[in-house]
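This is what each chain is made of:
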Amino acid sequence: MAFLETPRFPDRIAAGALGGPAFSTQVVVAASGRQFTDAQWEYPLHSWDVSHGLNNPSDFAALRAFFLAVRGRRDGWRFKDWTDYSATVAEGFVIGLTSTTFQMVKRYTSGSTTLDRLISKPVTGTVAAFVSAVPATFTVDTTTGILTIAAAPSPSNVTWSGEFDVPMAFETDKLTSRVVGRNGAGLIYEWDGIPVAERPI
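1. A short note on the packing of aromatic side chains
So, point 1. One pass over the structure, following the stated rule, counts 11 aromatic pairs.
So, point 2. Ring centres 4.9 Å apart and planes at 75 degrees place the aromatic pair F67 and F170 in the edge-to-face group. With F67 in helix α2 (residues 57-69) and F170 in strand β15 (residues 166-170), the pair connects residues that are 103 residues apart, well separated along the chain.
So, point 3. Note on F67: relative accessible area 7%, which makes it buried.

2. Overview of the side chain of D165
So, point 1. Counting through the fold element by element, D165 comes out in the loop between β14 (158-163) and β15.
So, point 2. Judged by relative accessible area, which is 6%, D165 ranks as buried.
So, point 3. Only 2.8 Å separates the side chain of D165 from the side chain of R8, close enough to count as a polar contact.
So, point 4. Separated by 3.0 Å, the side chains of D165 and R78 make a polar contact.
So, point 5. Those residues within four positions of D165 in sequence are excluded, and the remaining contacts are R8, R78, F79, K80, K121 and V123.

3. With respect to the pattern of salt bridges
So, point 1. Taken as a whole and judged by the stated rule, the model has 11 salt bridges.
So, point 2. Residues R78 and E5 are paired through a salt bridge, measuring 2.8 Å at the closest nitrogen-oxygen approach. Separated by 73 residues along the polypeptide, R78 in strand β6 (residues 76-79) and E5 in the loop between β1 (3-4) and α1 (11-14) bring together distant segments of the chain.
So, point 3. Under the relative-accessibility criterion, E5 is labelled partly exposed at 25%.
So, point 4. With a shortest N-O distance of 2.7 Å, D116 and R107 are connected by a salt bridge.
So, point 5. When its relative accessible area of 22% is taken as the criterion, D116 is described as partly exposed.
So, point 6. Judged by its relative accessible area of 28%, R107 falls in the partly exposed class.
So, point 7. A cluster of three or more residues bridged by salt bridges with shared partners is formed by E5, R8, D11, R78, K121 and D165.

4. Looking at unusual backbone geometry
So, point 1. The omega angle of the peptide bond from T6 to P7 is -5 degrees, so this bond is cis rather than trans.
So, point 2. Looking at the element boundaries, P7 is found in the loop between β1 and α1.
So, point 3. Within the chain, R71 stands out as a residue other than glycine whose phi angle is a positive 60 degrees.
So, point 4. The residue R71 is located in the loop between α2 and β6 in this model.
So, point 5. A positive phi angle, close to 70 degrees, is found at A133, a residue other than glycine.
So, point 6. Take A133: it is sitting in the loop between β10 (128-131) and β11 (134-135).
So, point 7. For A133, a relative accessible area of 63% puts it in the exposed group.

5. Considerations on the nonpolar core
Nonpolar side chains tend toward joint burial in soluble globular proteins.
So, point 1. Judged by nonpolar contacts, the single largest core of 21 residues is most densely connected at F9, V50, L63, W77, F79 and F170.
So, point 2. Listing elements by their share of this core, those giving two or more residues are α1, α2, β6 and β15.
So, point 3. Among the elements that make up this core, the one with the highest residue count is α2 (four residues).
So, point 4. For F170, the residues in contact, after removing those within four places along its chain, are F9, L63, F66, F67, V70, G72, R73, W77, I194, P195 and V196.
So, point 5. In this structure, V94, M104, V158 and W160 belong to the second largest nonpolar core, which totals 12 residues.

6. What to know about α2
So, point 1. Under the 1.5 Å per step criterion, the end-to-end length of α2 is 18 Å for 13 residues, consistent within 8% with the ideal 18 Å.
So, point 2. All of the buried residues along α2 are D59, F60, L63, F66 and F67. Seen along its axis, α2 keeps its buried residues to an arc of 125 degrees; they face one direction. Those residues of α2 that are exposed and angled more than 90 degrees off the buried face are S58 and L68.
So, point 3. Remark: R71 follows α2 within two positions and exhibits a positive phi of approximately 60 degrees.

Conventions adopted
Counting starts from 1 at the beginning of each chain's written sequence and moves along it residue by residue. The model is predicted, so local features are restricted to residues of pLDDT at least 70 and side-chain atom pairs to those at 80 or more, both for listing and for counting; the totals for chains, interfaces and linings are taken over all residues. Derived side-chain values reflect all non-hydrogen atoms in the structure, with water molecules and hydrogen atoms excluded from consideration. Working definition: rings of Phe, Tyr and Trp (its six-membered ring) pair if their centres are within 6.5 Å, and the pair is stacked with planes under 30 degrees apart, edge-to-face with planes over 60 apart, and tilted otherwise. The way it works is that DSSP assigns letters per residue, a run of H or I at least four long becomes a helix, a run of E at least two long becomes a strand, and they are numbered from the N terminus. Exposure is judged per residue with a 1.4 Å probe applied to protein chains only, and the accessible area is read against the type maximum: over 50% gives exposed, under 20% gives buried, and values in between give partly exposed. Polar contacts, as counted here, are pairs of nitrogen or oxygen atoms within 3.5 Å of one another; within protein the pair requires one atom able to donate a hydrogen and one able to accept it, and residues that are adjacent in sequence qualify only if both atoms are side-chain atoms. Contacts between residues were defined by any pair of non-hydrogen atoms, one from each residue, lying within 4.5 Å. Basic side-chain nitrogens of Lys or Arg form a salt bridge, by our definition, when they fall within 4 Å of a carboxyl oxygen of Asp or Glu. In plain words, nonpolar cores are sets of buried Ala, Val, Leu, Ile, Met, Phe, Trp, Tyr and Cys residues tied together by side-chain atoms within 4.5 Å. In this scheme, a helix's expected span is set at 1.5 Å multiplied by one less than its residue total. The directions considered for the arc run from the helix axis to the C-beta atoms.

Printed below as a string of structure tokens:
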């Protein structure tokens, strides 16, 4: 297994994919009817059916080429989630790793409750970093989401903005399609559901 930083999954197809984040929670119902929950995952994992983004034979040809190039389920790759692909400076926070290195996270807030999502695949050329709201000199590893700032600030003073991808992989080794007819433009194809899922790095 390898993770391929390029090429990214075709953006045109990703834009029409059906899916989003999911948690894994076990629910136990006691004899009294009271429910107890046990969270299996600390962070949500994202999954999609990319067949919903296929609108014509050209899209399917692009998907098939990508599927073959990444060897089905074998290799991971970048995917743009068009419903959530960027963070503002009010959402981009960090976790301190050392005095100068910081893991990027995106913070989701509802009332007094928050969740920090690890960002491991920032998009090259889109990231800006700030220390106490002042633009900072930094480097970013776009394969891990680790920021390096030599001034050694407190993590609570570091924020960022920019775009990010989701590390993904196909959930199937079989790409199923069929010819169902022909029109003036050529053959007419149909294809089954094509699941992809987040593959944490």
